[in-house]
Amino acid sequence: MAIYVYNRKASRGGTDILRVIAGVARGRKLKNIRGLCIRPPLDQVKESTFDILGHLVQDAQVLDLFAGTGSLGVEALSRGCQRVIFVDKDERAVRLVEENLERVGLADPQRATVLKMDALAAVRYLDQRGEKFDLIFVDPPYKIGKGILEALFYLLSTTDVLKDEGEIILKIPLARRQEMTPAHFSPIKERRFGQSTVLFLSRKPRSCS
């Protein structure tokens, strides 16, 4: 079973350290920057998420929205996915993802791309390019507006960015669980961790009308 270690004690330079244990990046460290409003997924959340996904990560095309540190996408790369596109609108987060890819030896332009865009613009852009993904991670900031997620999931339901058999992995605060249930998607699994919940979603069949 994979183990994730998050060192909550700040290291020198105002950074927190994440350590990836599983896969080809085993033992490599990722950096987080204090003051960037990034909350890396807790150890238990990441471990359970990837245990549930299992073999689905292998050779998958992955989209990491609201990438933050890039820890989810990096873990997917470490576990053998084919490619990850990381998306974040914050320039500092973009630089952080690029640095973390270098740190773990996964900064291969054929396998890792980092886009400085907001999530909605990124989905439109990727759809125009004909990009399709097996797995889409959606781990938004806790204070994100309900309307933004509604618009995002509407785009994901009306474009072909998510493959027919693909899954969306959505992490949200437990308190907002009911209001953030995407209308065009069905839950496959759900796991609760303290004040957060992770939903594994598939797209409902589209109407033929």
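Remember, it's a predicted structure, so these values are computed and weren't measured experimentally.

### Considerations on the nonpolar core
Point 1. Leu 53, Val 62, Leu 77, Cys 81, Phe 86 and Leu 101 are the most contacted members of the largest nonpolar core, which totals 31 residues.
Point 2. The greatest single-element share of this core, amounting to 4 residues, is contributed by helix α2 (residues 71–78).
Point 3. Residues in contact with Phe 86, not counting those within four places in the same chain, are Asp 64, Ala 67, Gly 70, Gly 73, Val 74, Leu 77, Val 97, Leu 101, Ala 112, Thr 113, Val 114 and Leu 115.
Point 4. In terms of nonpolar packing, the next biggest core, distinct from the first, is built from 29 residues, Ile 136, Val 138, Val 161 and Ile 172 among them.

### What about the pattern of salt bridges?
Point 1. By the definition in use, this model includes 12 salt bridges.
Point 2. Between Glu 99 and Lys 31 there is a salt bridge, and its shortest N-O distance comes to 2.9 Å. Of this pair, Glu 99 sits in helix α3 (residues 91–103) while Lys 31 sits in strand β3 (residues 28–33), and the two are 68 residues apart along the sequence.
Point 3. On the basis of relative accessibility, which here comes to 16%, the residue Lys 31 falls in the buried class.
Point 4. A salt bridge links Arg 203 to Asp 164, with the shortest nitrogen-to-oxygen separation between them at 3.5 Å. With Arg 203 in strand β10 (residues 196–203) and Asp 164 in strand β8 (residues 162–173), this residue pair connects regions lying 39 residues apart in the sequence.
Point 5. Judged by its relative accessible area of 11%, Arg 203 is buried.
Point 6. It is possible to trace a salt-bridge network through shared partners that takes in Lys 31, Glu 99 and Arg 103.

### A word on the confidence of the model for the protein chain
Point 1. Mean pLDDT over the protein chain stands at 84; residues scoring 70 or higher make up 85%.
Point 2. Within the model, pLDDT remains below 50 along residues 1–16, and this stretch shows 44 contacts once partners closer than five positions in the same chain are excluded.

Conventions adopted
- Residues numbered from 1 in each chain as written.
- Predicted model: local features only at pLDDT ≥ 70, side-chain atom pairs only at ≥ 80, totals over all residues.
- Heavy atoms only, no water.
- Core = buried A, V, L, I, M, F, W, Y, C linked by side-chain atoms within 4.5 Å.
- Buried < 20%, exposed > 50% of the residue type's maximum accessible area, 1.4 Å probe, protein only.
- Helix = DSSP H or I, 4+ residues; strand = E, 2+ residues; numbered from the N terminus.
- Contact = heavy atoms within 4.5 Å.
- Salt bridge = Lys/Arg side-chain N within 4 Å of Asp/Glu carboxyl O.
- pLDDT = per-residue confidence, 0-100.

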